[in-house]
Amino acid sequence: MNQQENYINSLLFEFERYKTLGDNTFSQLNDQDLNLTYNQGDNSISLIVKHITGNMISRWTHFLTEDGEKSWRDRESEFTDSYSTKTEMINAWEQGWECLFSAVASVRGSNFDTLIKIRNEEHTIIEAMNRQLAHYAYHIGQIVHLGKMHKGDKWISLSIPKGGSKAFNKEKISK
């Protein structure tokens, strides 16, 4: 495997990992949880998802040939009028990820040197993809944290639960 393939495989692994964190958070929440905010001006999980999916569809549509900030994107509207239902939100979430995974699949050795524009600023493919990975990790971290706050003691941990590190490490090392 060459370095480009290794990079793409590693990137896909990380994108899948963050998507799964979101999926596993959503599975624990209801419509009310998804739209809950603690203070005026806060973003709900639903609004964060609306922003992520708006970003994904803009950035990854025609990834190799068009600026990632599309003229048709209305970023400001991503922070108003959250999704009405969990189903509507998850459908948008899936659409965003489908766009992302399709674009990443289009990257080959023959186009790996393509410069990607985001707001008219040139990025290498690695820079553009890393930028998006960091952006989604940031927001998905917010989603997980909000989900945990909403569920309180009913939250099912998505990682090693507090106090479980020794047992987890022992199991991993014994394999």
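What you see is a predicted model; the values in this text were computed from it and never measured. (Residues numbered from 1 in each chain as written. Predicted model: local features only at pLDDT ≥ 70, side-chain atom pairs only at ≥ 80, totals over all residues. Heavy atoms only, no water.)

Enquirer: Account for the environment of H62, naming residues and giving values.
Expert: As for its position among the elements, H62 is in the loop between α3 (45–60) and α4 (86–105). According to the relative accessible area criterion, H62 is partly exposed, its value standing at 47%. When the C-alpha atoms of H62 and S102 are compared, they prove to be 10.0 Å apart, with 40 residues separating the residues in sequence. (Helix = DSSP H or I, 4+ residues; strand = E, 2+ residues; numbered from the N terminus. Buried < 20%, exposed > 50% of the residue type's maximum accessible area, 1.4 Å probe, protein only.)

Enquirer: Give a detailed account of the packing of α3 against helix α5 (residues 125–151), specifying residues and quantitative values.
Expert: Remark: α3 packs on α5, axes separated minimally by 10 Å, with the N-to-C direction vectors making an angle of 165°. Put simply, α3 runs roughly antiparallel to α5. For the pair α3 and α5, the sense of crossing is left-handed. Packed against α3, whose contacting residues are I45, I48, V49, H51, I52, N55, M56, R59 and W60, the element α5 presents M129, R131, Q132, H135, Y136, H139, I140, Q142, I143, L146, G147 and H150 at the interface. (Axes fitted to C-alpha atoms, helices over the stretch in contact; angles between N-to-C directions. Parallel < 35°, antiparallel > 145°, perpendicular 65-115°, else oblique. Left-handed = near helix turned anticlockwise from the far one by under 90°. Contact = heavy atoms within 4.5 Å.)

Enquirer: Any chance you could break down the packing of α3 against α4 for me, citing the residues and the numbers?
Expert: Close contact between α3 and α4 brings their axes to 9 Å; oriented N to C, the two are set at 30°. Classified by the angle their axes make, α3 and α4 are roughly parallel. Crossing angle aside, the handedness with which α3 passes α4 is left-handed. Between α3, through S46, V49, I52, T53, M56, I57 and W60, and α4, the contact on the second element is made entirely by M89, A92, W93, Q95, G96, W97, C99, L100, A103 and V104. A class-by-class count of the residues in the contact of α3 with α4 yields 13 nonpolar, four polar and no charged. (Nonpolar A, V, L, I, M, F, W, Y, C, P; charged D, E, K, R; others polar.)

Enquirer: Which residues make up the pattern of salt bridges, and what are the values?
Expert: Going through the model one piece at a time under the given rule, you end up with eight salt bridges. For K19, the salt bridge identified is with D23, shortest N-O distance 2.9 Å. Linking K19 with D23, this pair stays in helix α1 (residues 3–26), spanning four residues, or about one helical turn. Look at K19 and you get buried, because its relative accessible area is 9%. The shortest N-O distance in the salt bridge between R73 and E69 comes to 3.0 Å. Under the relative-accessibility criterion, R73 is labelled buried at 10%. When salt bridges that share partners are traced, they join R59, E69, R73, E78 and R119 into one network. (Salt bridge = Lys/Arg side-chain N within 4 Å of Asp/Glu carboxyl O.)

Enquirer: With reference to specific residues and values, describe unusual backbone geometry.
Expert: If you check the backbone angles, D81 has positive phi at about 50° while not being a glycine. Residue placement: D81 occurs in the loop between α3 and α4. Taking relative accessible area as the criterion, D81 reaches 66% and is therefore assigned exposed.

Enquirer: If you had to explain the side chain of H150 to someone new, which residues and values would you point to?
Expert: Looking at the element boundaries, H150 is found in helix α5. H150 gets classed as buried once you look at its relative accessible area, which sits at 14%. When sequence neighbours within four positions are dropped, the list of residues in contact with H150 reads L29, D33, L36, Y38 and I45.

Enquirer: Can you explain a nonpolar patch on the surface? Please cite residues and give values.
Expert: Together, L36, Y38 and M149 make up an exposed nonpolar region whose accessible area comes to about 260 Å². Note that L36 resides in the loop between α2 (31–34) and α3. Taking the relative accessible area as the measure of exposure, L36 reaches 33% and is therefore partly exposed. (Patch = residues over 30% accessible without salt bridge, like charges linked within 9 Å, V, L, I, M, F, W, Y side chains within 5 Å. Areas by Shrake-Rupley, 256 points an atom, 1.4 Å probe, with all protein chains shown as cover.)

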